[in-house]
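# A closer look at the structure
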Amino acid sequence: MKYSLLIILFSLFANLEARELTPKEQLVLLPLKKTAAVKEYMQSNIEESRLSFKDYFAYQLLKKSCAPLDLLLDGIKARDDQFPDQSEKIIAAYQVCSEGTLGITSLYIKQQ
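Residues numbered from 1 in each chain as written. Predicted model: local features only at pLDDT ≥ 70, side-chain atom pairs only at ≥ 80, totals over all residues. Heavy atoms only, no water.

Moving on to the pattern of salt bridges. Enumeration over the complete set of coordinates arrives at four salt bridges. Among the ionic pairs, Arg19 bridges to Glu25, the shortest N-O distance being 3.0 Å. Residue class for Glu25 comes out buried when judged on its relative accessible area of 0%. Two residues, Lys110 and Asp55, come together in a salt bridge whose shortest N-O distance is 2.8 Å. With Lys110 in helix H6 (residues 87–111) and Asp55 in helix H4 (residues 53–63), this pair connects stretches of sequence that are 55 residues apart. (Salt bridge = Lys/Arg side-chain N within 4 Å of Asp/Glu carboxyl O. Buried < 20%, exposed > 50% of the residue type's maximum accessible area, 1.4 Å probe, protein only. Helix = DSSP H or I, 4+ residues; strand = E, 2+ residues; numbered from the N terminus.)

Taken as a whole and judged by the stated rule, the model has one disulfide. At a sulfur-sulfur separation of 1.8 Å, the disulfide partner of Cys66 is Cys97. Because the sign of the S-S torsion sets the handedness, a value of about 70° for the bond joining Cys66 and Cys97 places this disulfide among the right-handed ones. With Cys66 in the loop between H4 and helix H5 (67–77) and Cys97 in helix H6, this residue pair connects regions lying 31 residues apart in the sequence. Judged by its relative accessible area of 11%, Cys66 falls in the buried class. With relative accessibility at 1%, the residue Cys97 sits in the buried group. (Disulfide = S-S within 2.5 Å.)

Right, let's talk about the side chain of Thr35 for a bit. By the secondary structure assignment, Thr35 is in helix H3 (residues 32–45). A relative accessible area of 10% means that Thr35 is categorised as buried. One polar contact links the side chain of Thr35 to the main-chain carbonyl oxygen of Pro31, over a distance of 3.0 Å. Not counting residues up to four positions away in its chain, the partners in contact with Thr35 are Tyr94, Cys97, Ser98 and Thr101. (Polar contact = N/O pair within 3.5 Å; in protein donor to acceptor, adjacent residues only side chain to side chain. Contact = heavy atoms within 4.5 Å.)

Before going further, it helps to spend a moment on the nonpolar core. One finds Leu21, Val28, Leu29, Leu32, Cys66, Leu69, Leu73, Ile76, Ile90, Ala93, Tyr94 and Cys97 forming the largest nonpolar core, which totals 12 residues. Those elements giving two or more residues to this core turn out to be H5 and H6. With four residues, the top contributor of residues to this core is H6. Non-local contacts of Tyr94, meaning those with residues more than four positions away in its chain, are made with Pro31, Leu32, Thr35 and Leu69. Counting residues in hydrophobic clusters, the runner-up holds eight residues, among them Met42, Ile46, Leu51 and Leu62. (Core = buried A, V, L, I, M, F, W, Y, C linked by side-chain atoms within 4.5 Å.)

A separate point is H3. Taking 1.5 Å of rise per residue, 14 residues should cover 20 Å, and H3 covers 20 Å from first to last C-alpha, within 8% of that figure. All buried positions along H3 are accounted for by Leu32, Thr35, Lys39 and Met42. Along H3, the residues classed as buried sweep out an arc of 100° about the axis, all on the same side. Facing away from the buried side of H3 by over 90 degrees, the exposed positions are Lys33, Lys34, Glu40 and Ser44. On its buried face, H3 sits against H4, H5 and H6. (Expected span 1.5 Å × (residues − 1). Arc of directions from axis to C-beta.)

Here you go:
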């Protein structure tokens, strides 16, 4: 009980210190929700056991294509309000995520 109260207080404090995304950063991320939905759908419908070794290896890499974007966004939110706009870095990380989603979609289509 004592530890759960400390965890709750720590998470509340962390949220108070979190930096909100700037309007430009939010604008860059508008398509992310749809991209994530497509990626999740494709991943859940690919049968890994039916992939060739080459495609399986590619699939394992492509599944992690959005990790850099997630790490970047977590890092931005952990900063204070003085942290500069990161739109350019978000664009680059989103492009990697989007290309990974297209790659997974291509594997899904190939498997059909």
